[in-house]
Amino acid sequence: FVSMIIPFAVGSGIAFFLKNVIMTIEVPPGSIVLFIGVAFAITAFPVLARILTETKLLATPVGIVTISAAAVGDAAAWCLLALTVAIVSAHDPITSLYIVSHTLLTLLTNRAFYS
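Starting afresh in each chain, residues are numbered from 1 along the sequence in its written order. The predicted nature of this model means local features are confined to residues of pLDDT at least 70 and side-chain atom pairs, given and counted, to a pLDDT of 80 or more, with totals for whole chains, interfaces and linings taken over all residues. To obtain the side-chain values, all non-hydrogen atoms of the structure were included, while hydrogens and water were left out.

Caption draft 1: How the structure looks around the overall build of the protein chain. Under the scheme used here, helices are H or I runs from DSSP no shorter than 4 residues and strands are E runs no shorter than 2 residues, and both carry numbers assigned from the N terminus. When its secondary structure is counted, the protein chain shows five helices and zero strands. Here the C-alpha atoms of the protein chain give a radius of gyration of 17 Å, more than 25% beyond the 13 Å that 2.2 N^0.38 yields for 115 residues. Viewed in the frame of its principal axes, the protein chain has a C-alpha envelope of about 50 × 40 × 20 Å. The buried share of the protein chain, taken over its 115 residues, is 23%. Contacts: residue pairs with any heavy atoms within 4.5 Å of one another. Contacts in the protein chain between residues at least 24 apart in sequence constitute 56% of all its contacts with a sequence separation of at least 6. Based on C-alpha atoms, the radius of gyration is set beside the globule rule, defined as 2.2 Å times the residue count to the power 0.38. To sort residues, take the accessible area from a 1.4 Å probe on protein chains only and compare it with the maximum for the residue type: under 20% means buried, over 50% means exposed, and anything in between is partly exposed.

In structure tokens, the structure reads:
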């Protein structure tokens, strides 16, 4: 997940400074920053797979670790993006809190169940 922090920070920084330029409708500034930050954190997985295939590194231990880490990171980033869209589309803070709490509860119960 460390590989997601820098792109998230860059995307959030860009969105923070450009939120008034890119948004024509009224959206909470935190929602814009969160959405763009998470969108930046998503890896170009097919591009990475193609690069590893063309350089014949995909079957090596380094390639396997790289593609596995990218897959896990991408799955986490897409889940975060879906959570962000759900939070942004909620029209009041109570609904947002409900979404986040149920997401965390689901993650914790699945973690306990599969451990």
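Caption draft 2: Structural context of the packing of helix 1 (residues 2-22) against helix 2 (residues 29-41). For helices, the fitted line uses only the C-alpha atoms of the stretch in contact; every axis is such a line through C-alpha atoms, and the angle between N-to-C directions lies from 0 to 180 degrees. In contact at an axis separation of 7 Å, helix 1 and helix 2 are set at 140° when each is read in the N-to-C sense. With respect to each other, helix 1 and helix 2 are oriented oblique. Crossing geometry of helix 1 relative to helix 2 is assigned as right-handed. Contacts from Met4, Pro7, Phe8, Val10, Gly11, Ser12, Ile14, Ala15, Phe16, Lys19 and Ile22 in helix 1 reach Pro29, Ile32, Val33, Leu34, Ile36, Gly37, Val38, Phe40 and Ala41 in helix 2. Split into classes, the residues belonging to the contact of helix 1 with helix 2 amount to 16 nonpolar, three polar and one charged. These descriptions rest on fixed angle ranges, namely under 35 degrees for roughly parallel, over 145 for roughly antiparallel, 65 to 115 for roughly perpendicular, and the rest for oblique. Here is the rule for handedness: rotate from the far helix to the near one, and if that takes an anticlockwise turn smaller than a right angle the crossing is left-handed, while a clockwise turn gives right-handed. Each residue gets one of three labels, nonpolar for Ala, Val, Leu, Ile, Met, Phe, Trp, Tyr, Cys and Pro, charged for Asp, Glu, Lys and Arg, and polar for the others, Gly among them.

Caption draft 3: Broad picture of the pattern of salt bridges. The salt bridge criterion pairs a side-chain nitrogen of Lys or Arg with a carboxyl oxygen of Asp or Glu, the two atoms within 4 Å. Following the criterion strictly, the structure yields one salt bridge and no others. One salt bridge in this structure joins glutamate 54 and arginine 50, with 2.6 Å as the shortest N-O distance. Placement of both glutamate 54 and arginine 50 in helix 3 (residues 45-54) is noted, with a separation of four residues, approximately one turn of the helix. For glutamate 54, a relative accessible area of 54% gives the class exposed.

Caption draft 4: Structural context of the nonpolar core. Definition used in this section: a nonpolar core is a set of buried Ala, Val, Leu, Ile, Met, Phe, Trp, Tyr and Cys residues joined via side-chain atoms within 4.5 Å. Counting six residues, the largest nonpolar core consists of Met4, Val38, Ala41, Ile42, Ala77 and Leu81. Of all elements in the fold, only helix 2 and helix 4 (61-89) reach the threshold of two or more residues within this core. Apart from residues no more than four positions distant in its own chain, alanine 77 is found in contact with Met4, Val38, Ala41 and Ile42.

Caption draft 5: How the structure looks around unusual backbone geometry. Of note, lysine 56 is a non-glycine position whose phi angle comes to about 55°, a positive value. Position of lysine 56 among the secondary structure elements: in the loop between helix 3 and helix 4.

Caption draft 6: Layout of the confidence of the model for the protein chain. When the pLDDT values of the protein chain are averaged, the result is 84; 94% of them are 70 or greater. Residue-level confidence of the predictor is summarised by pLDDT, bounded by 0 at the bottom and 100 at the top. When mean pLDDT is taken per element in the protein chain, helix 3 scores highest with 90 and helix 5 (residues 93-114) scores lowest with 81.

Caption draft 7: Expanded view of the packing of aromatic side chains. Under the pairing criterion, centres of Phe, Tyr and Trp rings, with the six-membered ring standing for Trp, must be within 6.5 Å; the plane angle then separates stacked pairs below 30 degrees from edge-to-face pairs above 60, leaving the rest tilted. Under the counting rule described, the total for this entry stands at one aromatic pair. The interplanar angle of 80° and the centroid separation of 5.4 Å between the aromatic rings of phenylalanine 16 and phenylalanine 17 together place this pair among those described as edge-to-face. Residue classification places phenylalanine 16 among the partly exposed positions, given a relative accessible area of 49%.

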